[in-house]
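Observations on chain architecture
As a plain string of letters, each chain reads:
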Amino acid sequence: SDAELRAVFREQIDALLEGGVDLFVIETSGTLSHLLAAVEEVRAASRLPVVAEMTFGEELIAADGTTPEAAARALVAAGVDALGVNCGAGPFACLEAAKRMSAARDAAVGGSSPVVSLMPNAGLPRRVEGRFVYAADPEYFGSMVPRALEVGVGLIGGCCGTTPEHVAAMRVALDAVVPAGSPPGVVRSAAVIVSAPIAAVTDDRAASTAPGPTRLESALAEGRFVVSVEIDPPRSIRIDRIVEAARLLQSAGVDLVNISDSAMARVRMGCLAVAFAIQHDLDLECLVHFTTRDRNLMALESELLGAHALGVRNILALTGDPPQIGDYPAATGVWDVDAIGLVAILARLNRGEDAAGSPIGQRAGFTIACALDPTAEDRVTEWDRLERKIGAGAHVVMTQPLYSVQQVEMMEAEARRRFGPRGFPVPVLLGVLPLHSSRHAEFLHNEVTGITIPDEARAAMAAAGELGSEVGLEMALALVQQVRGLVAGTYIMPSFGRYEQAAELARRIRTLADVADGVGHGLRTVSARSRRP
């Protein structure tokens, strides 16, 4: 049945994609409907180039009665990159079929695209002492090349009975007609000889199979001011409260939510499971904090492949806090690589290969984020590491929480010193952690690594008294509003599960920005830098 046929094709296609093929050659088909079904299955699975070839008998009729002209018209309509003839009764009959397919192709498209291919058998075989012997020798195959070029063939090779000597003879014949280096666009290889420009077939495989951008990537490329909120996974097997928190944030207008990865080395539900649950239940994209602390190199790659397959494609590459500070101080960290190495792994997956250089079938489409603590005690090392993260392929920088315009301006000044007059070469999301009391401010400043709260901010919280939560919101909102031209967005970090406060801040950021920009939907930043993907 058609369904069974397509399942057989798809099984082969999926295996070949996983193996890392560059193009598909669907050959030796005597039934046009089967060939078209195979083409459709390839197109459904990938955007790789497709060469589709029919087989005709000595009378130039396929097994199902299809003529070369009918096959060419159908394959042009199917959008193949190359169409032609292979196998069959030998070079003479195949050459005539290719000539007729070339003429029908030109009539159908009004030009010379797609390419016409010709890969005949070396004549009809006969059995000699238990072996098949083919009549057409290499010299005859070589003499076929000029005639094939004359009738419009652009892809030349051989099928049953052809040997390295046949290919070598074709190579010599082609070079005699089309000298090496001319005309422009001629492409050659040892096994297949191409004598006409075929841009569609020689497109870079990685580009042709890359997934579409994430929503985060699209928002940054379009210059929209991105708003995200961090969510901590639960410390139990129940996930319903976390999904409801994400629903609350979605209603407040956030672009995405961040899922932490057992921050402070305190055990929580796996970040990928939480992200998948949220994306499955809500139309809301997630960004996962992914640490190298708990996973060796094999586990890192296997989990990333699974995450991509399930649609979780925004990754913040982190090294992770040491286990000694968390719930299980006797546990050991792995750290086969650090955050820089994880960025490099993600970038290689985006190129279609794993860390060992083996193909993964097609390019991944991860948006890669990295972290920056602008107020780190050892700022030289922190900024040196940022340069290496960006050099390894990071697309976005996410900062630790900042609390003053001066902190942001100092960060920008260092970025200009490091990267040039335009500052950061990639978009920056400003970390914001709203304060809700003076005690909270003092705790963060004195006890949490990576957070520095200026004296004036702590003094303001001390003076706020019972109004601390509202004052903390207003301080965070004012900071975002003042630095909108310097950053591409913000991500909000609630304390102790205060998602209502985070949702209110996100809602106010949206409202103020929409009024300022005169738009009715989403946020726009005036920064030219934030428009760079």
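Residues numbered from 1 in each chain as written. Predicted model: local features only at pLDDT ≥ 70, side-chain atom pairs only at ≥ 80, totals over all residues. Heavy atoms only, no water.

On to the overall build of the protein. Helix and strand counts for the protein stand at 19 helices and 17 strands. Here the protein holds 533 residues, and the buried ones make up 50% of them. For the protein, the computed accessible surface area is about 23,600 Å², with 55% contributed by carbon and sulfur atoms. (Helix = DSSP H or I, 4+ residues; strand = E, 2+ residues; numbered from the N terminus. Buried < 20%, exposed > 50% of the residue type's maximum accessible area, 1.4 Å probe, protein only. Areas by Shrake-Rupley, 256 points an atom, 1.4 Å probe, with all protein chains shown as cover.)

This part is about the packing of aromatic side chains. If you walk through the whole model with that rule in mind, you get two aromatic pairs. Grouping aromatic residues by their ring pairs yields a cluster made of Trp383, Phe419 and Phe424. The lysine or arginine in question, Arg295, covers the ring of Phe290, its NZ or CZ lying 4.0 Å from the ring centre. In this arrangement the basic side chain of Arg484 is found over the ring face of Phe225, its NZ or CZ atom lying 5.6 Å from the centre. (Phe/Tyr/Trp six-rings, centres within 6.5 Å; stacked < 30°, edge-to-face > 60°. Lys NZ or Arg CZ within 6 Å of the ring centre and 35° of its normal.)

So, on to empty space enclosed by the protein. Taken as a whole and assessed by the stated rule, the structure comprises one cavity of 30 Å³ or more. Forming the walls of the largest cavity are Leu402, Tyr403, Val432, Leu433, Pro434, Leu435, Gly472, Met475, Ala476 and Leu479. The greatest single-element share of the lining of the largest cavity, amounting to four residues, is contributed by helix α18 (residues 468–482). Here the residues of the lining of the largest cavity are counted per class, giving nine nonpolar, one polar and no charged. (1 Å grid on protein atoms, 1.4 Å probe; cavity = no way out; pocket = protein on both sides within 12 Å on 5 of 7 lines; lining within 4 Å. Points joined across faces, edges and corners; volume = space filled by probe spheres on them. Nonpolar A, V, L, I, M, F, W, Y, C, P; charged D, E, K, R; others polar.)

An α-helix turns once every 3.6 residues. As a result, residues three or four positions apart point the same way. Taken as a whole, helix α11 (residues 271–281) has its buried residues at Cys271, Leu272, Val274, Ala275, Ala277 and Ile278. In this structure, the buried side of α11 is in contact with β10 (226–231), α10 (240–251), β11 (256–259), β12 (285–291) and α12 (297–309). (Contact = heavy atoms within 4.5 Å.)

One way to put it is that helix α13 (residues 339–350) packs onto helix α14 (residues 379–392) with a least axis distance of 8 Å and a crossing angle of 10 degrees. Our classification of the angle between α13 and α14 gives roughly parallel. Contact residues: α13 offers Ala339, Ile340, Val343, Ala344 and Ala347, while α14 offers Arg385, Arg388, Lys389 and Ala392. (Axes fitted to C-alpha atoms, helices over the stretch in contact; angles between N-to-C directions. Parallel < 35°, antiparallel > 145°, perpendicular 65-115°, else oblique.)

Among the nonpolar cores identified, the biggest contains 69 residues, and Ile231, Leu249, Val257, Ile259, Ile278, Phe290 and Leu304 are the most heavily contacted of them. Not counting the four nearest positions on each side in its chain, Leu304 is found in contact with Phe290, Ile315, Leu342, Ile345, Leu346, Leu349 and Phe366. (Core = buried A, V, L, I, M, F, W, Y, C linked by side-chain atoms within 4.5 Å.)

Read around the closed barrel, the eight strands follow the order β10-β11-β12-β13-β14-β15-β16-β17; overall the barrel is parallel. In this sheet, adjacent strand axes meet at a mean angle of 25 degrees when their direction is disregarded. In this structure, β10 lies alongside strand β17 (residues 489–492), joined through four bridges in parallel fashion. If you follow Val229 over to β17, its bridge partner there is Ile492. Most of the contacts of α13 go to strand β13 (residues 314–318), to which it runs at about 150 degrees, and overall it touches β12, β13 and β14 (367–372). (Pairing = 2+ DSSP bridges.)

With 90% of its residues at a pLDDT of at least 70, the protein reaches an overall mean of 87. Taking the mean pLDDT of every element in the protein, the minimum, 36, falls on helix α7 (residues 199–202) and the maximum, 98, on β14. This model gives residues 182–208 a pLDDT under 50, and the stretch forms 53 contacts once residues within four places in sequence are excluded. A low-confidence stretch, residues 520–533 stays under pLDDT 50, and its non-local contacts, those more than four residues away or across chains, total 52 contacts. (pLDDT = per-residue confidence, 0-100.)

Our focus in this paragraph is the pattern of salt bridges. Where charged atoms from two side chains of opposite charge approach closely, those side chains can pair. For the coordinates displayed, the defined rule picks out 31 salt bridges. We note a salt bridge from Arg10 to Asp14, for which the minimum N-O separation is 3.2 Å. Taken together, the residues Arg10 and Asp14, both in helix α1 (residues 2–19) and four residues apart, mark about one turn of the helix. For Asp14, a relative accessible area of 38% puts it in the partly exposed group. For Arg385, the salt bridge is made with Asp338, and the minimal N-O distance between the two is 3.1 Å. With a gap of 47 residues between them, Arg385 in helix α14 and Asp338 in the loop between β13 and α13 connect regions that are remote in the sequence. The exposure class assigned to Asp338 is partly exposed, which follows from its relative accessible area of 26%. Salt bridges here are not isolated pairs; linked through shared partners, they connect Asp2, Arg6, Arg10, Asp14, Glu40 and Glu41. (Salt bridge = Lys/Arg side-chain N within 4 Å of Asp/Glu carboxyl O.)

Once that is clear, we can look at unusual backbone geometry. Of note, the phi angle at Leu60 is positive, near 60 degrees, even though the residue is not glycine. Within the element layout of this structure, Leu60 appears in the loop between β2 (50–54) and α3 (68–78). A positive phi is found at Ser262, a non-glycine position, where the angle reads about 45 degrees. Within the secondary structure, Ser262 is located in the loop between β11 and α11.

It is worth spelling out the side chain of Arg295 at this point. Mapped onto the elements, Arg295 comes out in the loop between β12 and α12. Among the polar contacts listed, one links the side chain of Arg295 to the backbone oxygen of Thr291, at a separation of 2.8 Å. Ignoring anything within four residues of it in the chain, the contact list for Arg295 reads Asp261, Cys271, Phe290, Leu300, Glu303 and Val334. (Polar contact = N/O pair within 3.5 Å; in protein donor to acceptor, adjacent residues only side chain to side chain.)

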